[in-house]
Amino acid sequence: MDLYEIRGGRLGVITEEAEQQELQTDLSSMQSHKDKVSNRRGRAALQKSLPLEQGKQSSPSPTGADDKCDAFREEGIECETDRVRNQLQEKVEGMESFVGHLEEIFLTVEENFGRREQHLEQHYNDVLQTLSQRYDKRSTRLEEEKKGKLEALYTQLLVCGQAMDASKELIETAQEIYRCQDKRLFLKVLVIDNVCVCHYRIEAFAKEKVDLTVATRPEFDTPLADLTDVKAMMDSINVIPAPSAPVINPQIPNSATQTSLRVCWSLFSDDTVEYYELYYRPVLEDVPADGTQVPEVSKVNVKETHCTVTDLLPNAQYELWVTATNTTGISPASEKALYMTVPSPPVIKQRECTSCTEAAFISWDSGNTNPVDSYTVELSELSAAGTYSDATESIVGVPTCQCVVQLQKGSRYLISVRAVNIGGSSDRSDVLTVSTTGTFFHLLEDTAHPCLSISEDGFTVFYGDEELPISAMASDENAFTRCVAVLGDLIPVRGRHYWEVEVDDDTEFRIGVAYEDTERNSYLGANSTSWCMRHIVTPSRHKYEFLHNGWSPDLRITVNPVRIGVALDYQKGTLSFFNVDLKQHLHTFHYRFQNYVHPCFGFDSPGALTVHNAIEAPEYAFI
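Rules used throughout
Residues numbered from 1 in each chain as written. Predicted model: local features only at pLDDT ≥ 70, side-chain atom pairs only at ≥ 80, totals over all residues. Heavy atoms only, no water. Pairing = 2+ DSSP bridges. Helix = DSSP H or I, 4+ residues; strand = E, 2+ residues; numbered from the N terminus. Axes fitted to C-alpha atoms, helices over the stretch in contact; angles between N-to-C directions. Contact = heavy atoms within 4.5 Å. Patch = residues over 30% accessible without salt bridge, like charges linked within 9 Å, V, L, I, M, F, W, Y side chains within 5 Å. Areas by Shrake-Rupley, 256 points an atom, 1.4 Å probe, with all protein chains shown as cover. Salt bridge = Lys/Arg side-chain N within 4 Å of Asp/Glu carboxyl O. Lys, Arg positive; Asp, Glu negative; His and termini not counted. Charge placed at Lys NZ, Arg CZ, Asp CG, Glu CD. Buried < 20%, exposed > 50% of the residue type's maximum accessible area, 1.4 Å probe, protein only. Phe/Tyr/Trp six-rings, centres within 6.5 Å; stacked < 30°, edge-to-face > 60°.

### A short note on the sheet that holds strand 5 (residues 275-282)
Thinking step 1. Reading across from one edge, 6-5-8-9 is the order of the 4 strands in this open sheet, with antiparallel pairing throughout. Of all the strands in the sheet, the pair left with one neighbour each is strand 6 (298-302) and strand 9 (337-340). For this sheet the average axis-to-axis angle between neighbouring strands, irrespective of direction, equals 30°.
Thinking step 2. In this sheet, strand 8 (residues 317-325) lies alongside strand 5 in antiparallel orientation, the contact comprising 8 bridges. Bridge pairing in strand 8 links L278 to V322.

Encoded structure:
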């Protein structure tokens, strides 16, 4: 009978029994209720038949109170019925769950039986095939032995027949000569050259030895049959089958290091295994079609269903598979799985990192050939005494190699980066120290005009008067070609920023800000993507212009500023210039900057300028 029919029939019986039990409970409850009502009526009739004095002494309760008691009793009976029904429902659900479990066991038994039956059939077929091969081999050998014996006997029979024919011919010849009547002819035939020929031939024939022994034995050899391997095969049928193919598990997060992987796999519970063999090899992106550089396969023997593979490459992808072995044989290989080792630590680009009073922009290189899943930026605050803070803040899930970190004003931080993939997190990168006293940036050497030289610390720019060859003018596409200028790092934080520039009194310069896509073959301030303060030395005076899109207001500055403060406020849309020594406001551009800007610095004549950043903005800079 089908399991589902058994299950359905059993559930039907259980349901009918539950309904009958519930019906009997209801009937008994109703009968109990009727008995109680009849008892109350009997007591009421009895009380009416008693004398009045006795009725006064009994002082019966009002009719309304009896009705309430009856209602309470009926409600209690209903509650009891519901409770019994719920219990029965729980039992039915438990039985259904148990039947489902039995069904799973049934299917498992069927599956295991099929596997065992197939294994048994395969082994018996192997045994029969081995025995058939042995039979064919023995039969062929016996046939060859028979053929050899018959050939030997036939050859000996031919030799004997030839000897008998020769003897018979000699006897017949001698008898014919003996019966001859002509004596002279007899003597002539018998004696030649005084030699008796007949006598000689008879004597020679008599001297010949004839081998009358049988050349072969009629019996056949009966070698012992070596059925050791067949017995081993029969014994293996009664002991254990070869294991099934293991199932290698997907990689578990945080289960690797830079040089090791922890691999796990599973096997059918009824298989017997003596040991496992884990194979692994690196996955190369560029493999020649001729297969000359196929990575070598490594192997590890283990007893458990897990293994830690060591001496691997960081942030490398490995292909792994496993087999199981017992006394009967080796299982098929599992499906191949891909695992990843932990990446190498990233490398922070210190020359491309910027900061301000509220945040810091951190940029780094992955340091790995293979891509990583994400990055984690960790920062801890330094106290005034230079000690680490106990709390470390982490920014997780950063998708690219750059991040803007929000910080507290007037503090110092130690910032590091980790690379993360499914294997785990890498070690920390080298630590970067960030101060939020003021805006900090470096000069971008790839944007500098070929005539400019930048100091090693990245804050001083020199413009010499020597002429460069034409070959030196062919520089990077990102470099300025017409205006002798250079850009600073991008300031990607929408807040307040301040820095100062120190210049020589006779240097003609341009300082300000510009968009990243400002034209490299145009002068600063002569286009719509740059704003700058320009200093020109004329024979009569020092002239200052505040240029944007080639236009400047008519302003006159009487005291030449040597140290110029630049204040940028993204939110208010202002760019202001100050004479730091006099705390004097020079000019303010009002513009809603749609994109982030770079500090820019240019020369109209040979000279030098020095950028001072990471300094606190004066109070008058953002009034």
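Following the structure, the description resumes.
### Here's the deal with the environment of K349
Thinking step 1. Mapped onto the secondary structure, K349 falls in the loop between strand 10 (347-348) and strand 11 (354-355).
Thinking step 2. In the structure, K349 is positioned 52 residues away from C401 in sequence and 10.0 Å away in space, judged by C-alpha atoms.
Thinking step 3. For K349, the contacting residues outside a window of four places in its chain are S363, W364 and D365.

### Quick notes on a negative patch on the surface
Thinking step 1. A cluster of acidic side chains, namely D165, E169, E172 and E176, defines a negative patch on the protein surface.
Thinking step 2. Mapped onto the fold, E176 is located in helix 3 (residues 63-178).
Thinking step 3. When its relative accessible area of 58% is taken as the criterion, E176 is described as exposed.

### Let's talk about the side chain of T325
Thinking step 1. Residue placement: T325 occurs in strand 8.
Thinking step 2. Ignoring anything within four residues of it in the chain, the contact list for T325 reads P243, V273, E274, Y275 and I330.

### A closer look at the packing of aromatic side chains
Thinking step 1. Applying the stated criterion to the full structure yields 16 aromatic pairs.
Thinking step 2. Between F441 and W499 the ring centres are 5.5 Å apart and the planes differ by 85°, which places this aromatic pair in the edge-to-face class. Here F441, found in the loop between strand 18 (432-435) and strand 19 (452-454), pairs with W499, found in strand 22 (residues 496-503); they are 58 residues apart in sequence, far enough to count as distant. The two residues F441 and W499 agree in class, both being buried.
Thinking step 3. When the ring of F441 is compared with that of F601, the centres are 6.5 Å apart and the planes differ by 20°; the resulting orientation is stacked. Note that F441 is positioned in the loop between strand 18 and strand 19 and F601 in strand 29 (residues 597-603), a separation of 160 residues in sequence. An identical accessibility class is assigned to F441 and F601; each is buried.

### Considering a nonpolar patch on the surface
Thinking step 1. There is a patch of nonpolar side chains on the surface, built from F98, L102, I105 and V109 and spanning about 360 Å² of accessible area.
Thinking step 2. Locating L102 in the fold gives a position in helix 3.

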